[in-house]
Structures are given as C-alpha cells and as structure tokens.
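Tertiary structure, described
One letter stands for each residue in the lines below.
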Amino acid sequence: MSMCSKWIAAAAFAGAMALSAQDAPLDHSSIDIKLPSDSPVSLLRTDVGPSRATPRGGAMVIDLHMALSLRNSDARNIRGVTLLVTAQEVTPGGKASVAVPSLNVAPGQAFPVRIDLRLLRPLQAGAGPLVQVSLDGVLFEGFDFYGPNRLNSRRSMMVWEMEAERDRKYFKSVLASAGPDGLQREMLDSLARQDERPRIDVRMSRGGRVVTSAGEPERMARFAFLKMPGAPVEAIDGWAEVAGNEARTPTIQVLNRSSRPVRYVEIGWIVKDRQGREFLAGSVPAAEGDLLLPPGQKGRVLQDTALRFSRNAGEPVAIGSMTGFVSHVEFADGHVWVPGRAALSAVMAPSPEEQRLADLYRTKGVGAVVEELRKY
C-alpha cells in the first residue's frame, strides 16, 4: 500500500470511529514510524498487538501496546534509545516518550522496544496516521549521541549510562574480590532493598495546582538537605507551600561549587509523613532553560510546580517534612555528574542497570549475572 493510501485509510478509520463512537483496534496504517534517512537504527518489524482507540467525548483515547524490532545500523555499540510517540503535539496527553536504557547492542544486532502508552487526540485532528513514532535520540558507547534531542534525552541517557558504568564497575570488583558467592550476596541485598523501599507516586503539574487533601490549611515548609559527596552543586536553602499531600511552588536555592558553568540540576526528594515514615519520591527536574549557573554563583530551581504524593493506588501521603539532595548535574559543556555509589544506599533508588542485573539474578541466577558483567 502506498503512503498516500495509508493516510487515506487512516483518515477513513478515524472518521468511522467518530461516527460509531465505539472502541476499535488499530492496524499498521494507523501508526506511522518515521526514522531519518541517516538513522543509526532501522526498523525490522512492527507488531501493533492489542492497541485500540476509543472515542470519549470530543477526544480519542489511544491505548498503545506495540512491539518494535530495531537493528543497530551503526558501527558503534548502542547504549540507549529514546522514542517520541505523538498523537497530537498541542493536546495535553497527546505525546509521550519511551526510553530504553542499559542496552549493549553491537553493530548489526536487533533489539526489541515495547511501547505501552495511553495518548489523547482530538476527534477532528485531520487526516493522516493516528500516531507517529519518531526517534529522539540514540546514545552510543563512549557517550556519542545522535538525534534531535527534543526531549533532552541525551542528558537522561547519559545519566543512566554513567550510573550503569559506575554500578557495573562495583559489581565486577565484588566478583573479583569475593567471587560468585559475594556477587550473590550483593544481588540479594539489592533485591531486599528494592522490596523494602516504601512505594510512593508523584504527580507533577507545571504552573498550577492539583487537588489536595480536603480541608488542609496551607503552610510554608522548609527543606532539610543532604550533602552528596563530590557534588559540584550544593542545595543550600529551600521551601514550598504545603497542604495535605501537596507541595506547591517549591523553590530550592543552589550554589555552584565547581569551576564550570552549570545548565541543569535535578533534585531528589525524600518525603516524611506525619507518622514518621520516609518515602523516596524520586528526582524532580528543574524547569528546562531556566538555569545557567556560573562558577561560584547561586541560583534557584523548581519554581512554578505543584507535586502531589500518594501511595497504594491513590492513598494520600500527608507531608510532615521534606528533605532534598542533588541527584545529578549537567554542565554547560554537556558533561554530566552523578553521585558515587557510596552515597546511594540511604537516599536513592537503584539505577536502571542495577535493577536489570538484580532481575537477571532473580530469574536466571548468579551465573547469568557473571556472564552479563563479562560482556563489558
């Protein structure tokens, strides 16, 4: 089928859905996978699976459950890939991304990418495919990067790969000094920490307010801060308006202690509820483009944001106190700093690479982890 025919079929499909107002499966003509002519990855296969679209009011809800098979067409090993998935650029909920870190794909090798997302699209969005999948970035071994980087995926994938290199180095040193038994103890410890860590969900919105616990008065709460060894930037002061399980307009003042200008700082949050239980809330990004911090200067991050904390499928976590820490830094020259492993156990979740190795141990045993580490 020609591209023109595909677009006509997609438009007809969208029109039929609008008229019938019924749930319908997606086919290949409804999804456009667009890779540049010089892309370092090529598409081998697409399985749209049980993906469906459902009209709801004036919008179309698109549930994607796709599997792609991509091939490394470059001469370098691939360490990470980020895809941009778009149903409508300007509609809230109309675009999302899929990132695959911790890869080690040699030239010519194929690798899978799962896309499990829910998107929104206006019913009268015009002709063409319902969904477009495009490449935002590819990170190679040695930190070379390809892609438009619309989502700042270069920085995210560099952080993940630096954490992965750090953690693989640590586990290889354990293997060298304590053998497979020592590595097994580390994997068991990692799994135990992941299972014991209290789970918390964070909903973030820019420039507005989300629904808080009913009847809670607002108060100004200050942050406590943890110092991260070797961090080029230090968080020195911060506060937020707190009501129930919501923190609004958090503002954190940071100091650049390095000799290089900094353009991005990400702050990790630890929330303690009123019963004294601590929850790692993950890292909260600064607003893009709002920071360029010369050496020795102070700046502010995380303004005009609202965050809502919950657990157990929506149970509010009433904020008692908050602690922040610098989780990673990007310099103006594109280099990235991540914390050393010694700073992690108490405050940060395991990296994607540590989680991958621990899952490998869980499913296949310590021998599989040993073989995996030997590939690097």
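Let me sum up the structure you'll find in this document. (Residues numbered from 1 in each chain as written. Predicted model: local features only at pLDDT ≥ 70, side-chain atom pairs only at ≥ 80, totals over all residues. Heavy atoms only, no water.)

Focus: the pattern of salt bridges
Using the criterion set out here, one finds 32 salt bridges in the structure. For the salt bridge of Arg341 with Asp167, the shortest nitrogen-to-oxygen distance reads 2.9 Å. In this pair, Arg341 sits in the loop between strand S21 (336–337) and helix H3 (352–364) while Asp167 sits in helix H2 (residues 153–196), placing the two residues 174 residues apart along the sequence. For Arg341, a relative accessible area of 18% translates into the label buried. (Salt bridge = Lys/Arg side-chain N within 4 Å of Asp/Glu carboxyl O. Helix = DSSP H or I, 4+ residues; strand = E, 2+ residues; numbered from the N terminus. Buried < 20%, exposed > 50% of the residue type's maximum accessible area, 1.4 Å probe, protein only.)

Considerations on unusual backbone geometry
A negative phi holds for most residues other than glycine; trans holds for most peptide bonds. A positive phi angle, close to 60 degrees, is found at Ser102, a residue other than glycine. One non-glycine residue, Asn149, lies in the positive phi region at around 60 degrees. Of note, Asn149 is situated in the loop between strand S10 (145–146) and H2. A residue is classified by how much of its surface remains accessible, and Asn149, at 23% relative accessible area, is partly exposed.

Brief notes about the environment of Ile33
Along the chain, Ile33 turns up in strand S2 (residues 31–34). It is 8.9 Å that separates the C-alpha atoms of Ile33 and Leu135, two residues lying 102 residues apart in sequence. Those residues in contact with Ile33 that lie beyond four places of it in its chain are Leu43, Thr46, Met66, Leu68 and Val133. (Contact = heavy atoms within 4.5 Å.)

Re the environment of Val100
Here Val100 shows up in strand S7 (residues 95–100). Residue Val100 is classed as buried on the basis of its relative accessible area of 16%. As for Val100 and Val113, which are separated by 13 residues in sequence, their C-alpha atoms are 7.2 Å apart. The residues contacting Val100, other than those within four sequence positions of it, are Arg79, Gly80, Val81 and Val113.

Observations regarding the packing of aromatic side chains
When we look at a pair of aromatic rings, we describe it by the centre distance and by the angle of the planes. Per the counting criterion, the structure on display carries four aromatic pairs. Between the aromatic rings of Phe223 and Phe225, the centroid separation amounts to 5.8 Å while the plane-to-plane angle is 20 degrees, which identifies the pairing as stacked. By relative accessible area, Phe223 is classed as buried at 9%. Its relative accessible area of 22% is what places Phe225 among the partly exposed residues. Each ring, one from Trp269 and one from Phe309, has its centre 5.6 Å from the other, and the planes form 35 degrees; the classification is tilted. (Phe/Tyr/Trp six-rings, centres within 6.5 Å; stacked < 30°, edge-to-face > 60°.)

Quick word on H2
Each α-helix turn comprises 3.6 residues. Residues three or four places apart therefore point the same way. Along its 44 residues, H2 runs just 30 Å from first to last C-alpha, ending more than 12% under the 64 Å computed at 1.5 Å per residue. Maximal helix bending in H2 amounts to about 130 degrees, located at Ala178; proline Pro180 follows within four positions. (Expected span 1.5 Å × (residues − 1). Bend = angle between axes of the 7 residues up to and from the residue.)

Observations regarding empty space enclosed by the protein
Taken as a whole and judged by the stated rule, the model has two cavities of 30 Å³ or more. One number sums up the size of the largest cavity: a volume of about 40 Å³. In terms of lining residues, the largest cavity is bounded by Arg79, Gly80, Val100, Pro101, Ser102, Leu139, Met157, Trp160, Glu161 and Ala164. Sort the elements by how many residues they give to the lining of the largest cavity and H2 lands first, with four residues. (1 Å grid on protein atoms, 1.4 Å probe; cavity = no way out; pocket = protein on both sides within 12 Å on 5 of 7 lines; lining within 4 Å. Points joined across faces, edges and corners; volume = space filled by probe spheres on them.)

Points about the layout of surface pockets
By volume, the largest pocket amounts to about 580 Å³. Lining the largest pocket are 24 residues, with Leu280, Gly282, Ala349, Pro350 and Gln355 sitting closest to its centre. Only H2, strand S15 (262–273), strand S16 (278–285), strand S20 (319–331) and H3 provide two or more residues apiece to the lining of the largest pocket. Tallied by class, residues from the lining of the largest pocket come to twelve nonpolar, eight polar and four charged. (Nonpolar A, V, L, I, M, F, W, Y, C, P; charged D, E, K, R; others polar.)

Some thoughts on the side chain of Asn77
Locating Asn77 in the fold gives a position in the loop between strand S5 (59–72) and strand S6 (78–86). Of the polar contacts made by the side chain of Asn77, one reaches the side chain of Asn104; its length is 3.2 Å. Asn77 has contacts with Asn72, Asn104, Val105, Ala106, Pro107, Leu139, Phe140 and Glu141, leaving out every residue within four places of it along the chain. (Polar contact = N/O pair within 3.5 Å; in protein donor to acceptor, adjacent residues only side chain to side chain.)

Re the nonpolar core
Counting 37 residues, the largest nonpolar core has Ile252, Ile267, Trp269, Phe309 and Met322 as the members making the most contacts within it. Looking at this core, the elements that each hand over two or more residues are strand S12 (219–225), strand S13 (233–243), strand S14 (246–256), S15, S16, strand S18 (305–311) and S20. (Core = buried A, V, L, I, M, F, W, Y, C linked by side-chain atoms within 4.5 Å.)

Overview of the pairing of S5
Remark: a regular strand shows side chains that alternate across the two faces of the sheet. With ten of 14 residues buried, S5 is to be regarded as a mostly interior element. Across six bridges, strand S3 (residues 41–47) lies against S5 in antiparallel orientation. Across the sheet, Ser42 pairs through a bridge with Arg71, a residue of S5. Both strand S4 (residues 52–56) and S5 contribute to a ladder of five bridges, which runs antiparallel. From the neighbouring strand, Thr54 faces S5, where its bridge partner is Val61. Hairpin remark: S4 followed by S5, antiparallel, with two residues in the connecting loop; positive phi at Gly57, about 65 degrees. Where S5 meets strand S8 (residues 110–122), 13 bridges bridge the pair, whose relative direction is antiparallel. In the sheet register, Leu68 faces S8, and the bridge partner there is Val113. (Pairing = 2+ DSSP bridges.)

All quantities given are derived from atomic positions and should not be read as evidence of function.
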